[in-house]
Amino acid sequence: MNTITSITIRKYQIQDLSPVVRLFTDSVHELTAGAYDETQRYAWASRTPHLDVWRARLDSLETLVAEEGDDLAGFISYDKDGTIDLVFTAPNFARRGIASTLYHEAEKQLIGMGVKELKTESSVVARPFFERHGFEVVDEQRVTVRGAQFLRYNMRKVVEG
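Numbering of residues begins from 1 in every chain and follows the order in which that chain's sequence is written. Two thresholds apply to this predicted model, a pLDDT of at least 70 for residue-level local features and 80 or more for giving and counting side-chain atom pairs, whereas whole-chain, interface and lining totals are computed over all residues. As a rule here, side-chain values cover all heavy atoms of the structure and leave hydrogens and water aside.

(A) Here's a closer look at the packing of aromatic side chains. In this scheme Phe, Tyr and Trp rings, the latter by its six-membered ring, pair at centre separations within 6.5 Å, and the angle between planes marks the pair as stacked below 30 degrees, edge-to-face above 60, and tilted otherwise. Counted according to the given criterion, the structure contains eleven aromatic pairs. One residue, arginine 57, lies across the ring of tryptophan 54, its end atom 5.5 Å from the ring centre. Distance and angle both matter: a charge sits over a ring if NZ of Lys or CZ of Arg is within 6 Å of the ring centre and within 35 degrees of the ring normal. Lying across the ring of tyrosine 153, arginine 127 places its NZ or CZ 4.5 Å from the centre.

Rendered as structure tokens:
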């Protein structure tokens, strides 16, 4: 397993919009193929995303990006109430600790804001990641996104300030 050599974590900026959306799309299509069929992957991550929708979504969240050199390696987006909304790693950076590094920084910032509980709605693929970081499944849901069915998990973690 390759680990991170020199990763930089910084706040998302508007010029990151297209690279972040491309990373999300590539990650869904390449890293979740073992768990989701093509119809599900296209419903989850259109190959022609609407950047205005993404801009509004990211503007409403705190987002951190991870870079290694000039390459965008991953990102995490969360709400100040402790909801982790998005955690994605570029396919060529998968399984190298990028998502964990981003998660630890986000958790530290949220604890610093006084958050006592973290929440997420996790995909099947992300569930083991969140469990490794201390989250527990509260319940399961079946949701429909653009006509495709998905199983997701409401997960929680109590954090100490």
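(B) Focus on the environment of arginine 10. Examined against the element boundaries, arginine 10 turns out to sit in strand 1 (residues 8-11). C-alpha of arginine 10 to C-alpha of valine 65: the two residues are 55 residues apart in sequence and 5.6 Å apart in space. Aside from chain neighbours lying at most four places away, what touches arginine 10 is Asp16, Thr63, Leu64, Val65 and Glu67. Engagement of the side chain of arginine 10 in a polar contact is seen with the side chain of aspartate 16, the distance being 2.8 Å. Under the scheme used here, helices are H or I runs from DSSP no shorter than 4 residues and strands are E runs no shorter than 2 residues, and both carry numbers assigned from the N terminus. Contact definition: two residues touch when any of their heavy atoms are within 4.5 Å. Residues adjacent in sequence count toward polar contacts only when both atoms are side-chain atoms; beyond that, a polar contact is any pair of N or O atoms within 3.5 Å, and within protein one must be able to donate a hydrogen and the other to accept it.

(C) View of the pairing of strand 4 (residues 83-89). Along strand 4, five of the seven residues are buried, which leaves the element largely enclosed by surrounding structure. As paired elements, strand 3 (residues 71-78) and strand 4 share five bridges and run antiparallel to each other. Within strand 4, the residue paired with isoleucine 76 across the bridge is valine 87. Between any two strands, pairing holds if DSSP finds at least two bridges. Linkage of strand 3 to strand 4, two consecutive antiparallel strands, is achieved through a turn of four residues, within which glycine 82 is found at a positive phi near 100 degrees. As defined by bridge partners, strand 4 adjoins strand 5 (residues 117-123) across two bridges and the pair is classed as parallel. In the sheet register, isoleucine 84 faces strand 5, and the bridge partner there is threonine 120. Three labels apply to residues, based on accessible area from a 1.4 Å probe with only protein chains included: buried if under 20% of the type maximum, exposed if over 50%, partly exposed otherwise in between.

(D) Highlighting the nonpolar core. Grouped together as the largest cluster of nonpolar side chains are 39 residues, with contacts concentrated most on Phe75, Ile76 and Ile84. Those elements that provide at least two residues to this core are helix 1 (17-31), helix 3 (51-59), strand 2 (62-68), strand 3, strand 4, helix 4 (98-112), helix 5 (127-132) and strand 7 (148-158). The residues contacting isoleucine 76, other than those within four sequence positions of it, are Glu62, Thr63, Leu64, Ile84, Leu86, Val87, Leu102, Tyr103 and Ala106. Membership of the second largest hydrophobic core comes to five residues, among which are Tyr36, Val143, Ala148 and Phe150. Buried Ala, Val, Leu, Ile, Met, Phe, Trp, Tyr and Cys residues that are joined via side-chain atoms within 4.5 Å together make up what is termed a nonpolar core.

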